[in-house]
Amino acid sequence: MPLMRPLTFLVLLVAPLAHCLPQDLPPSACKALKTRLQLENTTILSAKHLDISQPQNITALGTCQTKALASTPMCRVQFVVNTTTTSAVHAEAWLPDTWYGRFLAVGNGGLGGCIDYLNLDYGASLHFATVGSNNGHDGTNGSVFVGHPEVLNDFTFRAIHVEAVIGKQIVEAYYGSPHQRSYYLGCSTGGRQGTQAALKYPDDFDGIIAGAPATDLNHLLGWMGMLARYIGAPHISSSPSFIPPELWDIIAAEVLRQCDGLDGVVDGIITEPDACDFQPEALVCVGDATEGCVSVPQLEALRKIYQPLLGPEGELLYPRYDPGTEEGGFAQALLNGSVISYTYDWFRYTIINDSSYDFSNFTTKDILLADRINPGDISTFNGDLSEFKASGGKFLTYHGRRDEIIPSGNSKRVYDLISKTLGMPSLDSFYRLFLVPGMIHCLGGPGASRFGQYGLVSTAANTSSHNVLLAIVDWVEGGVPPDTVTGTDFGNGTQRVHCRYPERSVWDGDAYVCKPLDVPFLDTSGQNS
């Protein structure tokens, strides 16, 4: 997860729908849910009103964390839904005392079964009745999927649907009135879950925010495995291709030297990684030099890393690693010579089904095997959003151009897939993608990465132009789509306008503005230069 700054609590402006529903429910109304609410295959574990006047820690459900921050007076409901005889989803509903008629479901991360308490609190603080689940299992280890196909189905597609169906019933039972609009918020795995919801259950949500979606998951995890293989995993001690962490710092500096200025500003941010034709040959060792440079085997590894992953027939399997993402903890998780845990667990426990598999012989053939198996329809690489579009749904997605886990080029690829599938050159009427220069995975990095997408920590302003959760509400309820999204950085509060694809961010000499793809990155006089 990205590093977080201390929380700054802001009062955000979210108008109630039609009228503000009754807010004077006594604590006993919450407590009564445990005994009087009877829902199909559902047990209410706890229902307790929390009279919160200032942020406080509460005990979390499950093993992922012991405490969670709560900042809103609410009815807190913990429940479990038996999805089959061999699987169950544990979840929480945070029902704020001041409710504006909106429902919000939140997603998960990695292979995890961890309730997203950060966004539970965020949604409730904005007066959404908010529900989050453990995605059908507890913890982050993929071994839970072995021999449990229904647990796997909860993870791949069902848990978010359960949040929507049962969560909405709990909301109506408590407030005495059904929700009026329904939303979803998630990033990474949560972004994939939001995409899957639009594909499989197009009526569950009126508006979906799906950040850095881990779509085409089998190929994504396979690509991660191939990156590790390129640099010698799992036997790095005997591999001449292995690139140690200190050398990655030098590589990162060289990438910036070659590509940082392409947008007209040298600021440590590569606005458009796809325009960066990184030449690693500049780092090759000369003469007897062995330090601060790359050997020929390391050079070959770099060439592979910065190329798209192709299959045996030359077909595209996954976009390339984005130049400019080499520094940082998550980058080292992919490029440290070990197979990242997501790939390790997924292939061991759901594809190869061999707990001793060590990736010594991992190739693109294993990725194609994952395609054929596609456990629980996990891939989530389907452009047919016609039913979601027909239902009036709105889809807002974003992706950091410095994402070290999921290449931002994949979100472009998904946009183009939807466009081709639906025969729509522009998806603006229902689907908008915002690319965020300098942002790492979901939140953080040197770019203007705070725009209301990931908990209160991501909030810097209380307007829909600066907050995607407010923007999706305006789009769904007011018919006002976001043309741009303005982000704020974690440093000195610098702001930057982020553009919707296929437009791109261009420096005009004073500021970054959004221009069509055929306008060069540097346009200082109103004329192309």
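Report follows, based on the coordinates.

Ranked by size, the top nonpolar core spans 53 residues in total, and within it Trp223, Ile251, Ile305, Tyr306, Tyr321, Leu334 and Trp346 carry the most contacts. Listing elements by their share of this core, those giving two or more residues are helix H4 (149-175), helix H6 (217-230), helix H7 (245-259), helix H8 (296-305), strand S11 (316-318), helix H9 (329-334), helix H10 (341-351) and helix H11 (364-373). Broken down by element, this core gets its largest block of residues, nine residues, from H6. Among all residues touching Trp223, those that are not within four sequence positions of it are Leu309, Tyr318, Pro319, Arg320, Tyr321, Leu334, Ile367, Ile405 and Pro407.

According to the stated counting rule, one finds six disulfides in the structure shown. With a sulfur-sulfur separation of 2.1 Å, Cys64 is cross-linked through a disulfide to Cys114. Torsion about the S-S bond of the Cys64 and Cys114 cystine: about -75 degrees, corresponding to left-handed handedness. Taken together, the residues Cys64 in the loop between strand S2 (56-59) and strand S3 (67-70) and Cys114 in the loop between strand S6 (102-106) and helix H3 (117-125) connect sequence positions 50 residues apart. By relative accessible area, Cys64 is classed as partly exposed at 32%. Disulfide pairing is shown between Cys499 and Cys514; the S-S distance is 2.1 Å. Between Cys499 and Cys514 the disulfide shows an S-S torsion of about -95 degrees. By sign, it is left-handed. Residue Cys499 is found in strand S15 (residues 495-500), and its partner Cys514 is found in strand S17 (residues 512-515); the two are separated by 15 residues along the sequence. Summarising the burial analysis for this pair, Cys499 and Cys514 share the class buried. Sequence-ordered numbering of the bonded cysteines in the protein chain yields a pairing of 1-3, 2-4, 5-10, 6-7, 8-9, 11-12.

This next bit is on the packing of aromatic side chains. Inspection of the entire model under this criterion finds 24 aromatic pairs. Between Phe278 and Tyr306, the ring centres sit 5.1 Å apart and the planes meet at 70 degrees, which makes this aromatic pair edge-to-face. Within this pair, whereas Phe278 is found in the loop between H7 and H8, its partner Tyr306 is found in the loop between H8 and strand S10 (309-310), the two being separated by 28 residues in sequence. Each member of the pair Phe278 and Tyr306 is classed as buried. Taken together, a centroid distance of 5.0 Å and an interplanar angle of 85 degrees make the contact between Phe347 and Phe362 edge-to-face. On the criterion of sequence distance, the pair formed by Phe347 in helix H10 and Phe362 in the loop between H10 and H11 is long-range, its members being 15 residues apart. Here the aromatic residues Phe388, Phe395, Tyr415, Phe430, Tyr431 and Tyr501 are joined through ring pairs into a cluster of three or more. The residue whose ring lies beneath Lys168 is Phe205, and the NZ or CZ to ring-centre distance is 5.8 Å.

For the structure shown, the criterion picks out five cavities of 30 Å³ or more. Approximately 70 Å³ is the volume found for the largest cavity. Taken together, 14 residues make up the lining of the largest cavity; nearest its centre are Phe157, Ile160, Gln193, Gln196 and Ala197. Residue assignment for the lining of the largest cavity shows that the elements contributing at least two residues are H4 and helix H5 (189-200). Counting residues per element, the lining of the largest cavity draws most heavily on H4, which supplies eight residues. The class makeup of the residues in the lining of the largest cavity is six nonpolar, five polar and three charged. Counted as a void, the second largest cavity has a volume near 60 Å³. What lines the second largest cavity is Leu256, Gly268, Ile269, Ile270, Pro273, Pro323, Gly324, Thr325, Arg401, Arg402 and Gly438. Its residues placed into classes, the lining of the second largest cavity shows five nonpolar, four polar and two charged.

Right, let's talk about the pairing of S15 for a bit. Here strand S13 (residues 431-436) pairs with S15 via two bridges, running antiparallel. Each residue of the ladder has a partner; that of Leu435, found in S15, is Cys499. Of the strand pairs in this sheet, strand S14 (residues 484-488) and S15 are connected by five bridges, and their pairing is antiparallel. Among the inter-strand pairings, Val485 is bridged to a residue of S15, identified as His498.

Scanning the model with the defined rule gives 19 salt bridges in all. Between Lys412 and Asp274 there is a salt bridge whose closest N-O contact spans 2.7 Å. Of this pair, Lys412 sits in helix H13 (residues 409-422) while Asp274 sits in the loop between H7 and H8, and the two are 138 residues apart along the sequence. Judged by relative accessible area, Lys412 falls into the buried class, the value being 12%. For Asp274, a relative accessible area of 39% corresponds to the partly exposed category. A salt bridge links Arg402 to Glu327, with the nearest nitrogen and oxygen atoms 3.7 Å apart. Here the residue Arg402 occupies a position in the loop between strand S12 (394-400) and H13, and Glu327 occupies one in the loop between S11 and H9, the gap between them amounting to 75 residues. Exposure remark for Arg402: the relative accessible area of 14% places this residue in the buried category.

One can find Asp366 in helix H11. For the buried Asp366, no salt bridge exists, and the shortest N-O distance to an oppositely charged side chain is 7.7 Å, to Arg229.

Quick notes on the rules
Position numbers for residues count from 1 along each chain, tracking the sequence in the order it is written. Totals for whole chains, interfaces and linings use all residues, but because this is a predicted model, local features are given only for residues with pLDDT of at least 70 and pairs of side-chain atoms are given and counted only at 80 or more. Heavy atoms throughout the structure, all of them, feed into the side-chain values; hydrogens and water do not. Remark: nonpolar core denotes a set of buried residues (Ala, Val, Leu, Ile, Met, Phe, Trp, Tyr, Cys) joined through side-chain atoms within 4.5 Å. Three exposure classes are used, based on accessible area relative to the maximum for each residue type with a 1.4 Å probe and protein chains only: buried under 20%, partly exposed in between, and exposed over 50%. A run of H or I in DSSP becomes a helix once it reaches four residues, and a run of E becomes a strand once it reaches two; helices and strands are each numbered from the N terminus. Note on contacts: a residue pair is in contact if any heavy atoms of the two residues lie within 4.5 Å. Throughout, disulfides are identified as pairs of cysteine sulfur atoms within 2.5 Å of each other. Each aromatic pair joins two rings of Phe, Tyr and Trp (for Trp, the six-membered one) with centres within 6.5 Å, and gets the label stacked for planes under 30 degrees apart, edge-to-face for over 60, and tilted for any other angle. Should the NZ of a Lys or the CZ of an Arg lie within 6 Å of a ring centre and within 35 degrees of the ring normal, that charge is described as sitting over the ring. Within this scheme a cavity is a closed region of a 1 Å grid, computed over the protein atoms alone, that accommodates a 1.4 Å probe without allowing it to escape, whereas a pocket is open but has protein on both sides within 12 Å along at least five of seven lines; lining residues each have an atom within 4 Å of a point. Grid points are joined across faces, edges and corners, and a volume is the space filled by probe spheres set on the points. Amino acid classes used here: Ala, Val, Leu, Ile, Met, Phe, Trp, Tyr, Cys and Pro are nonpolar; Asp, Glu, Lys and Arg are charged; the rest, including Gly, are polar. By the convention used here, strands pair only if DSSP detects at least 2 bridges between them. When a carboxyl oxygen of Asp or Glu is within 4 Å of a side-chain nitrogen of Lys or Arg, the pair counts as a salt bridge. A positive count includes Lys and Arg, and a negative count includes Asp and Glu. His and the chain ends are not counted in either.

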